[in-house]
Amino acid sequence: PEFSASFAGRLVTLIVLNAKSSNIQNILQAVLVKLNTVKTLTVQQSLLLVFARLAVADTPGLLTFLNSTNATQPLLQLWLEKQCDVFGAYERRVTVAGLCKLIELGCNGDETMRALQYSKKIEPASSGRQTRSKTKGKEEFVLVPWLSHAMMILTTEWAGQKERDAQNDEDYEDEDDEDYDEENYDGGKVEELNLGGESVGILLSDLLNCRDLEDLE
């Protein structure tokens, strides 16, 4: 079943990053083949994380492999298409960090990244409600530089992260107010706040500087 591969990405990542084997390319090729067939977002995300983590660890090496299998454009097209749907703090962190590394490579003059195109869907002008059957087959696309669209995606991620940080700050303030009220009510007893460990949020500026990427596993 397709869902059975949803946890394979993390295992494959550990094998590829830590095992010295001549079969690594075969493993990565198998992941690419699976990506071409799966439709479930959870499975797609799990498999995309393999390449996102490789982008962080060895960007030129990943690009060399993708070029050798003619998979650079299809994979990076799919990555950007799914990036806004990525869920989970760890998953967002890894995929954004991987995109930052790829953008950095392109900005440093890599010809493959600079020439890469992204097929962007043109959203039709609103002309009333249309059924899916009427719009099917009428979709139009335009080619835009992959690097510029990736930067737009990262801008969206940055805005989302700022919103999550602001919400977290409001939640902490609300909890502090509740704690203060309880202290007054109980005659000095202060309940210890359990915030569940450190915040999972990470600023985009930290990712752009690629800090602490060694701890992504």
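For the structure, check the block above.
Nothing here was measured: the structure is a model prediction, and the numbers come from that model.

K.L.:
Can you help me understand the overall build of the protein in this one?
P.N.:
The secondary structure content of the protein amounts to 10 helices and two strands. Helices and strands appear in the protein in the N-to-C order α-α-α-α-α-α-α-β-α-β-α-α. Burial statistics for the protein: of 217 residues in total, 34% are counted as buried. For the protein, the computed accessible surface area is about 13,600 Å², with 51% contributed by carbon and sulfur atoms.

K.L.:
Honestly, the pattern of salt bridges in this entry has me stumped. Any pointers?
P.N.:
Side chains that differ in charge, positive against negative, can pair when their charged atoms come close. This structure, assessed with the given rule, holds one salt bridge. A salt bridge links Glu139 to Lys121; its shortest N-O distance comes to 3.2 Å. Highlighted residues: Glu139 in the loop between helix H8 (132-135) and strand E2 (140-145) and Lys121 in strand E1 (residues 117-122), separated in sequence by 18 residues. For Lys121, a relative accessible area of 36% gives the class partly exposed.

K.L.:
Is there a simple way to explain unusual backbone geometry in this structure?
P.N.:
Phi is mostly negative for residues that are not glycine, and the peptide bonds are mostly trans. Here Asn70, not a glycine, exhibits a phi torsion of approximately 55°, which is positive. With respect to the secondary-structure elements, Asn70 resides in the loop between helix H4 (59-68) and helix H5 (72-83). A relative accessible area of 68% places Asn70 in the exposed class.

K.L.:
Before we go on, may I ask you to explain helix H2 (residues 24-37) in this structure?
P.N.:
Side chains that are three or four residues apart share a direction in an α-helix, a result of its 3.6 residues per turn. An ideal rise of 1.5 Å per residue puts 20 Å on 14 residues; H2 measures up with 20 Å between its terminal C-alpha atoms. Among all positions of H2, only Ile24, Leu28, Val31, Leu32 and Leu35 are buried. Down the axis of H2, the sector holding all buried residues measures 100°, keeping them to one side. Those residues of H2 that are exposed and angled more than 90 degrees off the buried face are Val33 and Asn36. As for H2, its buried residues are in contact with helix H1 (8-18), helix H3 (41-57), H4 and H5.

K.L.:
What am I meant to see in the side chain of Gln44 here?
P.N.:
Take Gln44: it is sitting in helix H3. Polar contacts involving the side chain of Gln44 include one to the main-chain carbonyl oxygen of Val38, which spans 3.4 Å. When residues no more than four places from it in sequence are discounted, the contact partners of Gln44 are Leu35, Val38, Lys39 and Lys82.

K.L.:
I'm lost on the packing of H5 against helix H6 (residues 89-107) in this one. Help?
P.N.:
The axes of two packed helices give the description: the angle between them and the distance between them. It is at 12 Å that the axes of H5 and H6 come closest, and there the two elements cross at 135°. When the axis of H5 is compared with that of H6, the two are oblique. The handedness of the crossing between H5 and H6 is left-handed. Within the contact between the two elements, H5 uses Leu76, Trp79, Leu80 and Gln83 and H6 uses Thr95, Val96, Gly98, Leu99 and Leu102.

K.L.:
Looking at this structure, I do not really get the environment of Leu28. What am I missing?
P.N.:
Looking at the secondary structure, you find Leu28 in helix H2. On a C-alpha basis, the gap between Leu28 and Phe51 in space is 8.6 Å, while along the polypeptide they are 23 residues apart. If near-sequence neighbours (up to four positions away) are discounted, Leu28 is found in contact with Val16, Val50, Phe51, Leu54 and Phe65.

K.L.:
Before we go on, may I ask you to explain the nonpolar core in this structure?
P.N.:
One broad rule of soluble globular proteins: the nonpolar side chains tend to lie buried together. Among the nonpolar cores identified, the biggest contains 43 residues, and Leu28, Phe51, Trp79, Met113 and Trp146 are the most heavily contacted of them. When residues of this core are traced back to their parent elements, those giving at least two are H1, H2, H3, H4, H5, H6 and helix H9 (146-185). Per-element accounting of this core gives the leading share, nine residues, to H3. In contact with Phe51, not counting residues within four places along its chain, are Leu28, Val31, Leu32, Leu35, Leu62, Phe65, Leu66, Leu75 and Trp79.

Basis of the calculations
- Residues numbered from 1 in each chain as written.
- Predicted model: local features only at pLDDT ≥ 70, side-chain atom pairs only at ≥ 80, totals over all residues.
- Heavy atoms only, no water.
- Helix = DSSP H or I, 4+ residues; strand = E, 2+ residues; numbered from the N terminus.
- Buried < 20%, exposed > 50% of the residue type's maximum accessible area, 1.4 Å probe, protein only.
- Areas by Shrake-Rupley, 256 points an atom, 1.4 Å probe, with all protein chains shown as cover.
- Salt bridge = Lys/Arg side-chain N within 4 Å of Asp/Glu carboxyl O.
- Expected span 1.5 Å × (residues − 1).
- Arc of directions from axis to C-beta.
- Contact = heavy atoms within 4.5 Å.
- Polar contact = N/O pair within 3.5 Å; in protein donor to acceptor, adjacent residues only side chain to side chain.
- Axes fitted to C-alpha atoms, helices over the stretch in contact; angles between N-to-C directions.
- Parallel < 35°, antiparallel > 145°, perpendicular 65-115°, else oblique.
- Left-handed = near helix turned anticlockwise from the far one by under 90°.
- Core = buried A, V, L, I, M, F, W, Y, C linked by side-chain atoms within 4.5 Å.

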